[in-house]
Amino acid sequence: MRKSILLLLALSVSCVTLTACEHHRTFGEKVRDTVDPPKGPIERAGRSVDRTMGN
């Protein structure tokens with residue numbers, strides 16, 4: 001029980017820190033989204049996380 005609560009707390013803290021970062025898309029990212037748009041919410045979220053992490 002305690003491990004699951006700590007895991008949930010750690011997950012919520014990491015999600016909050018990712019959403020707190022405001023990222024302005026670069027020209028290259030805008031072009032990529034226009035030429036090859038994300039095909040669904042999962043790919044859109046993946047690109048957002050990659051851009052936030054700087055990969």
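The paragraphs below set out a description of the structure included in this document. Per chain, the residues get numbers from 1 upward, laid out in the order the sequence is written. With the structure being a predicted model, the display of local features is reserved for residues of pLDDT at least 70 and the display and counting of side-chain atom pairs for 80 or more, all residues being used for whole-chain, interface and lining totals. The side-chain values count all of the structure's non-hydrogen atoms but skip hydrogen atoms and water molecules.

**Things to note about the overall build of the protein**
Part 1: Across its full length, the protein carries 3 helices and 0 strands.
Part 2: Exposure was quantified through the Shrake-Rupley algorithm and a 1.4 Å probe, taking into account, for residues, occlusion by the shown protein chains and nothing else. Just so you have it, the protein exposes about 4,900 Å², and 68% of that area is on carbon and sulfur atoms. Under the scheme used here, helices are H or I runs from DSSP no shorter than 4 residues and strands are E runs no shorter than 2 residues, and both carry numbers assigned from the N terminus.

**Some details on the pattern of salt bridges**
Part 1: Salt bridges are identified by distance alone: a Lys or Arg side-chain nitrogen within 4 Å of an Asp or Glu carboxyl oxygen. For the structure on display, the rule yields 4 salt bridges.
Part 2: The closest approach of N and O atoms between Glu29 and Arg51, which form a salt bridge, is 3.7 Å. Here Glu29, found in helix 2 (residues 27-35), pairs with Arg51, found in helix 3 (residues 41-53); they are 22 residues apart in sequence, far enough to count as distant. Across this residue pair, the class does not change: Glu29 and Arg51 are buried.
Part 3: A salt bridge links Asp36 to Lys39, with the shortest nitrogen-to-oxygen separation between them at 3.0 Å.
Part 4: Salt bridges sharing partners connect three or more residues here, namely Asp36, Lys39, Glu43 and Arg47. The cut-offs for exposure are 20% and 50% of the maximum accessible area for each residue type, with area from a 1.4 Å probe on protein chains only; residues under the lower value are buried, those over the upper are exposed, and the others partly exposed.

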